[in-house]
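Residues per chain, in single letters:
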Amino acid sequence: MTWALRDSWTATLRDLGHWRRQPWGLVIGLAFPILLLLMFGFLLGGAIDVPGGYIEFLFPGMLAVTMAFGLETTMTTVSEDVQRGVTDRFRSLPMSRIAVLLGRATADMLASVVSLAVLLVAGLVIGWRIHEGIGDALAGVALLLLLRFAFLWVGIYLGLLFRGQGGVMAVQILVWPFVFLSNAFVPISTMPGWLQTLSAWNPVTATVAATRELFGNPTVPASGWASDNVVLLAVVWPVVLSVVFATLAVRRWTRLGR
């Protein structure tokens, strides 16, 4: 275990070093969610009437969407390493087999913490507020990072699975309708009946609804078991996704080149 952790930290430093030498990717990754927040909050928010104000309704959703969009960055980076032969060079070294994957996961989680902190500050600047205790607020932040951790492993697995640009682009395109099919931007009660069911069981929906509840931000009531147990689903969904896709990613890693 000590060997694996030491090698994983070495791989983490390698990934962090890329951001230090090429910071523009990280800067754009931080600026893009803020731009979306301003666009939806001020350009489109006037057309959406939500009790308590649309900004406070929107902001927890934007936090969760940002965590989900991190899948694209992880998948693209892993896929590029495979295509350039970096992954094969790591596999030829006397190092722990899971070190590269854990290193990538650790580096991306650190970047996500920074991104989440910047977005929280931006939210406070434009008028978003926490109306519950600090303990509930920290629990909400923990749920957001748990969602990011789950999608991180989804991104690692897909990056190992799709080596060509076509596959990577196809997955990137599909991420958008997946996150929009949630309660992040509009109440699910405004959707057609069959879409309401899909949205209610979306992992992003569970995290958004749970964080709104923990932050004390406006919510629009919805019916059904999934809507009544959002905090439970906000924990169960990411844990299940993490276990499944981490297992698939490790198996895929060990079979590369065969």
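Residues numbered from 1 in each chain as written. Predicted model: local features only at pLDDT ≥ 70, side-chain atom pairs only at ≥ 80, totals over all residues. Heavy atoms only, no water.

### Section: the overall build of the protein chain
Item 1. The helix and strand tally for the protein chain stands at eleven helices and zero strands.
Item 2. Its helices and strands taken in sequence order, the protein chain reads α-α-α-α-α-α-α-α-α-α-α from the N to the C terminus.
Item 3. The C-alpha radius of gyration of the protein chain comes to 19 Å, within 12% of the 18 Å expected for a compact globule of 258 residues.
Item 4. Once the C-alpha set of the protein chain is aligned to its principal axes, its extents read approximately 60 × 35 × 35 Å.
Item 5. Taking as baseline every contact in the protein chain between residues at least 6 positions apart, the subset at least 24 positions apart corresponds to 84%.
Item 6. Total accessible area on the protein chain stands at roughly 12700 Å², and carbon and sulfur atoms take up 69% of it.
Item 7. The centroid of the 17 positive side-chain charges in the protein chain is displaced by 16 Å from the centroid of its 13 negative side-chain charges. (Helix = DSSP H or I, 4+ residues; strand = E, 2+ residues; numbered from the N terminus. Rg over C-alpha atoms; globule rule 2.2 N^0.38 Å. Contact = heavy atoms within 4.5 Å. Areas by Shrake-Rupley, 256 points an atom, 1.4 Å probe, with all protein chains shown as cover. Lys, Arg positive; Asp, Glu negative; His and termini not counted. Charge placed at Lys NZ, Arg CZ, Asp CG, Glu CD.)

### Quick look at the packing of aromatic side chains
Item 1. Taken as a whole and judged by the stated rule, the model has 13 aromatic pairs.
Item 2. Ring centres 6.0 Å apart and planes at 75° place the aromatic pair Phe151 and Phe178 in the edge-to-face group. Of this pair, Phe151 sits in helix H6 (residues 134-161) while Phe178 is found in helix H7 (residues 165-180), placing the two residues 27 residues apart along the sequence.
Item 3. The class of Phe151 is buried, set by a relative accessible area of 6%.
Item 4. Relative to Phe185, the ring of Phe180 has its centre 4.7 Å away and its plane inclined at 20°; by these criteria the two rings are stacked.
Item 5. Given the relative accessible area of 6%, Phe185 is considered buried. (Phe/Tyr/Trp six-rings, centres within 6.5 Å; stacked < 30°, edge-to-face > 60°. Buried < 20%, exposed > 50% of the residue type's maximum accessible area, 1.4 Å probe, protein only.)

### A few points about the nonpolar core
Item 1. If you look at the biggest cluster of nonpolar residues, it comprises 58 residues, and the most contacted ones within it are Met62, Leu63, Trp153, Ile156, Leu160 and Phe185.
Item 2. Counting residues per element, the ones that place at least two in this core are helix H2 (24-44), helix H3 (54-83), helix H4 (86-91), helix H5 (99-126), H6, H7, helix H9 (203-215) and helix H11 (230-254).
Item 3. Per-element accounting of this core gives the leading share, 15 residues, to H3.
Item 4. Each residue touching Met62, except ones within four places of it in the same chain, is listed here: Pro33, Leu36, Leu37, Phe40, Leu119 and Phe185.
Item 5. Membership of the second largest hydrophobic core comes to twelve residues, among which are Ala206, Ala210, Leu233 and Ala234. (Core = buried A, V, L, I, M, F, W, Y, C linked by side-chain atoms within 4.5 Å.)

### Quick look at the environment of Met95
Item 1. Among the structural elements, Met95 can be located in the loop between H4 and H5.
Item 2. Of the residues examined, Met95 reaches a relative accessible area of 17% and is grouped as buried.
Item 3. As for Met95 and Arg6, which are separated by 89 residues in sequence, their C-alpha atoms are 9.5 Å apart.

### Focus: H2
Item 1. Look at H2: 28 Å from first C-alpha to last across 21 residues, which is about the 30 Å you get at 1.5 Å a residue.
Item 2. Every buried residue of H2 is accounted for by Leu30, Pro33, Leu36, Leu37, Phe40 and Gly41. (Expected span 1.5 Å × (residues − 1).)

### Some words on the UniProt feature "transmembrane region" (unreviewed entry) in the protein chain
Item 1. On the UniProt side, "transmembrane region" (unreviewed entry) is annotated at positions that read residues 24-45, 57-78, 99-126, 138-162, 174-195 and 230-250 here.
Item 2. Along residues 99-126 one finds 100% helix and 0% strand; the C-alpha atoms at either end are 41 Å apart.
Item 3. Regarding residues 138-162, the helix share stands at 96% and the strand share at 0%, and the terminal C-alpha atoms are separated by 36 Å. (UniProt positions renumbered as here; feature names shortened; annotations may be inferred.)

### Points about the confidence of the model for the protein chain
Item 1. The pLDDT averaged across the protein chain works out to 87; a share of 97% of its residues lies at or above 70.
Item 2. Per-element mean pLDDT across the protein chain ranges from 78 in H4 up to 96 in H9. (pLDDT = per-residue confidence, 0-100.)

### Here's the deal with the side chain of Ser242
Item 1. Assignment of secondary structure puts Ser242 in helix H11.
Item 2. There is a polar contact of 2.7 Å between the side chain of Ser242 and the backbone oxygen of Pro238.
Item 3. The contact partners of Ser242, leaving out residues within four places of it in the chain, are Phe149, Ala150, Trp153 and Thr247. (Polar contact = N/O pair within 3.5 Å; in protein donor to acceptor, adjacent residues only side chain to side chain.)

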